[in-house]
Amino acid sequence: MAYSTMTDLDLLRACQRNDPRAQTALYHRFRGRLMGLCRRYARSRPEAEDMFQEGFIRIFQQLHTIEQPDRLLPWMKRVMVNTAINIYHKNHRLQAETDYEAAQDIGTDDHLETLARLSADELVVLVQDLPDGYRMVFNLHVVDGFNHPEIAQMLGISEGTSKSQLARARAALKEKLKKLGIVRYEHS
Amino acid sequence: MNTPEDEQAWDDLFRQRLENYEAEPAADALSRILAGTPKPTRMNRGRVAGRVAVALLLLVGASWWILDRWTTLPEKPTAAGISPVGATRKPAAPSTMATSPKTLSPIPSPAGPEQSVAVGTIAPRQKTVTEPAQKTFSYRPSETSWQTQAATYQRPTPTTYYENVQAARSAYPGWDDTSSTDMVSVLTEVASIAEPMQVNRLQHLGLRWPQFASPTLPINLQQSDIDALPSVSRRRQSSLYASVMALYSYRRISPNTNDEVYIRQIQSGRTFSSDRIGSRIQIGKEWRLTQRLGLRTGLTYGQLRTSMRYRLQTLFTDSTQVNWVNDQTVRITPMTDRPLSVASRYHFVGLNTDLIVSLGNGRLWSHYVTAGVTVGGYVAPVRRQSAFLQASYGIERPLTSDLWLRIEPSVQYSLNAISDRRNLCKIRPYTYGLSISFRK
């Protein structure tokens, strides 16, 4: 049976037997999605490469612990997110960057623009340019759907800090969009 | 100012665009991932194997050195027909008598000429006590120092001696004092001239009785009496054994790498904590392959308790949790990392195989070393294949004619790390303990 045509479950079983061909097939099947996730969370492409490599190694190491084999991709994405959080912690162990100022005042709705005009790559670059804390909270909440209590626990911050950073991230993104000359935001 | 609806729409748009965003990794990413996937354990295993080899060499060397110093006399006279315990026993010096010169206090002779006998002047292996008139008893406490440890004692008068000899002849017509090639003759001879000496004292002096005879046996046994002693069976070609081992563990603990938290300040039980003890039970069969080599295999069950404490996730210094206690009070709690404590008891079942190398025999115990492997798996709280390398140094002696006691300090090294998912660490146990076993 060709590995490329295996179901996710069969591929998982084969990987759990440490079959290197199955590991290769698993890698090729999910590399794009997971690398895209890493690009969102990383500050730069080299950091995304490192995050991707480290995360995939962890995936292969921990495949035998997966408890819901039918949810392979969400599990892999979660491992990648955890890897991103670990790297974030390593980079910011001694850095304090949040406060409780009313972040929402920074944002402005005067120049909401059509994000659809930007390619996904351009959006990712915008997100990557955010400060680390903003980028983490923005990705976790807006893109990956974690709520603020979960984010607070994962990042080791309070819920208030999470909300504050999200508001700041939104404001910063809007500011960047404004600078890019996008002057109107339309929601389709 | 954006409304919540605007923000939600803005978020949804971002999510739609980025949720399934794909990017291409570097071309060599797969090779680096696959290279990093297997654990670099070869170095560690080689290092451990080297340590085990060095430990075995030290054990063997120490054992031979000890045996070389302690093995002074045969366990029993060859004439008695009792098989020696070990296979490498030194040949018996037929007429050599062993006793300790340090404790052989001079016995003053009330009358008659004093005849001091410097036993060190007589080569113990060549000198044969063939005649009572020889007036000399030699012994060899050790091959290196006996010459310097000679002592003297004063003989009783020849008259007394011959009287005792005559009494012995009358009591044991078969006894021949001119043929002291067996221990009975020599001991009788000693007893006859050193009446104050007690049997137990002679034993303290280094005299060695047939190994399993009662220590209070009269020393002037006849050959037939010794022959009648319960004989010690030779080691059988195969035998059964059962052992119990109390073990103690040292663990190498490493945090799981894919957790979303940081683990720090890992603390396991203190050195003598009860959280680090366990036990192992073995039952199986043993075969004697050659004179020095044996093989044993059997079933093994082991259980090992582990516990540890660690802290999760060092948080930022500015993270503070604010709670309203009431309208006038706010509780501000700096968010520090969380301490966790976990304890597990791992159960292991497997098959063990050990090679046994006999080192020889001491005064009472036979010495041996073993090395082997146990293959099986953990059955609770997780199921996982695993294996142990083990080595031991042991001593054994017979308790009855067909039951042997073994005492065996052992070390075990686990080839696999284990984790039970409840804790966030992998544990690789090393165990060492004392095994008590019986072989029949």
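Residues numbered from 1 in each chain as written. Chains lettered and ligands numbered in written order. Predicted model: local features only at pLDDT ≥ 70, side-chain atom pairs only at ≥ 80, totals over all residues. Heavy atoms only, no water.

Visitor: In this structure, what is going on with the overall build of chain A? I would like to understand it.
Guide: Scanning chain A from N- to C-terminus turns up eight helices and zero strands. Order of helices (α) and strands (β) in chain A, N terminus to C terminus: α-α-α-α-α-α-α-α. Within chain A, buried positions represent 57% of all 188 residues. Across chain A, every contact between residues at least 6 apart in sequence was considered, and the portion connecting residues at least 24 apart equals 67%. A total of about 8100 Å² of accessible surface is found on chain A, and carbon and sulfur atoms cover 48% of it. (Helix = DSSP H or I, 4+ residues; strand = E, 2+ residues; numbered from the N terminus. Buried < 20%, exposed > 50% of the residue type's maximum accessible area, 1.4 Å probe, protein only. Contact = heavy atoms within 4.5 Å. Areas by Shrake-Rupley, 256 points an atom, 1.4 Å probe, with all protein chains shown as cover.)

Visitor: Explain the overall build of chain B here, please?
Guide: Broken down by element type, chain B carries seven helices and 11 strands. Here chain B holds 440 residues, and 45% of them are scored as buried. By sequence separation, contacts in chain B at least 24 residues apart represent 71% of the contacts at least 6 residues apart. Element-wise, carbon and sulfur atoms account for 58% of the exposed surface of chain B, whose accessible area totals about 22300 Å².

Visitor: Is there a simple way to explain the side chain of A:Arg168 in this structure?
Guide: Residue and element names in this part refer to chain A. Within the secondary structure, arginine 168 is located in helix α8 (residues 159-179). On the accessibility criterion, arginine 168 (15% relative accessible area) is buried. At a separation of 3.0 Å, a polar atom in the side chain of arginine 168 contacts the side chain of tyrosine 134. (Polar contact = N/O pair within 3.5 Å; in protein donor to acceptor, adjacent residues only side chain to side chain.)

Visitor: I keep staring at the confidence of the model for chain A and nothing clicks. Help me out?
Guide: Keep in mind that low pLDDT regions are not for reading the predicted coordinates in detail. Residues and elements named next belong to chain A. Averaged over all residues, the pLDDT of chain A is 81; the fraction at 70 or higher stands at 82%. Least confident of the elements in chain A is helix α1 (residues 8-16), whose mean pLDDT is 86; most confident is helix α6 (residues 132-143), at 92. With pLDDT under 50 throughout, residues 96-111 is counted as low confidence; its partners more than four residues away or in other chains account for 36 contacts. (pLDDT = per-residue confidence, 0-100.)

Visitor: Any chance you could explain the environment of B:Ser419 here in plain terms?
Guide: Inspection of the secondary structure assignment puts B:Ser419 in the loop between β10 (404-414) and β11 (425-439). Distance in space between the C-alpha atoms of B:Ser419 and B:Ser344 is 9.6 Å, their sequence separation being 75 residues.

Visitor: Which parts of the structure should I look at to understand helix α2 (residues 20-41) of chain A?
Guide: Structural remark: α-helix, 3.6 residues per turn; residues separated by three or four positions point the same way. At A:Arg31, α2(A) is bent by approximately 55°, the largest bend along its length. One side-chain oxygen at the N-terminal end of α2(A) lies 2.9 Å from the backbone nitrogen of A:Arg21; it belongs to A:Asp19. (Bend = angle between axes of the 7 residues up to and from the residue.)

Visitor: Just to check I follow, could you spell out the environment of B:Ile66 for this structure?
Guide: By the secondary structure assignment, B:Ile66 is in helix α3 (residues 42-70). Taking C-alpha positions, B:Ile66 is 9.9 Å from B:Asn361, a pair spaced 295 residues apart along the chain.

Visitor: I'm lost on the packing of aromatic side chains in this one. Help?
Guide: Each aromatic ring pair is specified by the distance between its two centres and by the angle formed by the two planes. Enumeration over the complete set of coordinates arrives at 10 aromatic pairs over all chains. Ring geometry for A:Tyr27 and A:Phe56: centres 5.2 Å apart, planes at 55°, overall tilted. A residue pair is termed long-range when its members are at least 10 positions apart, and A:Tyr27 in helix α2 and A:Phe56 in helix α3 (residues 45-62) qualify at 29 residues. On the basis of relative accessible area, A:Phe56 is assigned to the buried category, the value being 0%. Between A:Phe138 and B:Phe14 the ring centres are 5.1 Å apart and the planes differ by 85°, which places this aromatic pair in the edge-to-face class. Of this pair, A:Phe138 sits in helix α6 while B:Phe14 sits in helix α1 (residues 4-18), on two different chains. (Phe/Tyr/Trp six-rings, centres within 6.5 Å; stacked < 30°, edge-to-face > 60°.)

Visitor: I'm lost on empty space enclosed by the protein in this one. Help?
Guide: Here the idea is plain: a probe the size of a water molecule rolls over the atoms and shows the empty space left. Residues and elements named next belong to chain B. A full pass over the atoms with the stated rule returns 10 cavities of 30 Å³ or more. Of the volumes computed, that of the largest cavity is approximately 130 Å³. The wall of the largest cavity is formed by 14 residues, among which Leu247, Gly302, Phe348, Phe388 and Gln412 lie closest to the centre. Elements supplying a minimum of two residues to the lining of the largest cavity: β3 (277-288), β4 (293-312), β7 (338-361) and β8 (366-380). Tallying contributions element by element places β4 first for the lining of the largest cavity, with four residues. Taken together, the residues that form the lining of the largest cavity break down as six nonpolar, seven polar and one charged. (1 Å grid on protein atoms, 1.4 Å probe; cavity = no way out; pocket = protein on both sides within 12 Å on 5 of 7 lines; lining within 4 Å. Points joined across faces, edges and corners; volume = space filled by probe spheres on them. Nonpolar A, V, L, I, M, F, W, Y, C, P; charged D, E, K, R; others polar.)

Visitor: Is there a simple way to explain the nonpolar core in this structure?
Guide: One recurring pattern in soluble globular proteins: nonpolar side chains tend to sit buried together. Counting 69 residues, the largest nonpolar core has A:Phe52 and A:Phe138 as its most contacted members. Per-element tally for this core: the top contributor is helix α4 (residues 72-91) of chain A, with 11 residues. Each of domain 1 (3-91) and domain 2 (103-179) of chain A contributes no fewer than three residues to this core. Setting aside residues no more than four positions away along its own chain, A:Phe138 makes contact with A:Val127, A:Leu130, A:Val143, A:Leu166, A:Ala169, A:Leu173, B:Trp10 and B:Phe14. (Core = buried A, V, L, I, M, F, W, Y, C linked by side-chain atoms within 4.5 Å. Domains from an automatic or database assignment.)

Visitor: Help me understand the packing of helix α7 (residues 148-155) of chain A against α8(A), please; the structure alone is not making it clear to me.
Guide: Axes are the key here: two packed helices are described by the angle between their axes and the distance separating the axes. Residue and element names in this part refer to chain A. Running from N to C, α7 and α8 cross one another at 105°; their axes reach a closest spacing of 8 Å. For the element pair α7 / α8, the angle class is roughly perpendicular. Contacts from His148, Pro149, Ile151 and Ala152 of α7 reach α8 at Glu159, Ser162, Lys163 and Leu166. When its residues are assigned to classes, the contact of α7 with α8 shows four nonpolar, two polar and two charged. (Axes fitted to C-alpha atoms, helices over the stretch in contact; angles between N-to-C directions. Parallel < 35°, antiparallel > 145°, perpendicular 65-115°, else oblique.)

Visitor: Would you explain the pattern of salt bridges in this entry?
Guide: Note on pairing: side chains with opposite charge can pair once their charged atoms come close. Counted under the stated rule, the structure contains 18 salt bridges over all chains. A:Lys90 serves as the salt-bridge partner of A:Glu54, at 3.8 Å between the closest nitrogen and oxygen. One end of the pair, A:Glu54, is in helix α3; the other, A:Lys90, is in helix α4, and 36 residues separate them in sequence. On the basis of relative accessibility, which here comes to 23%, the residue A:Glu54 falls in the partly exposed class. Using a relative accessible area of 46% as the deciding quantity, one classes A:Lys90 as partly exposed. Its salt-bridge partner being B:Asp354, residue B:Arg296 comes within 3.5 Å of it at the nearest N-O pair. (Salt bridge = Lys/Arg side-chain N within 4 Å of Asp/Glu carboxyl O.)

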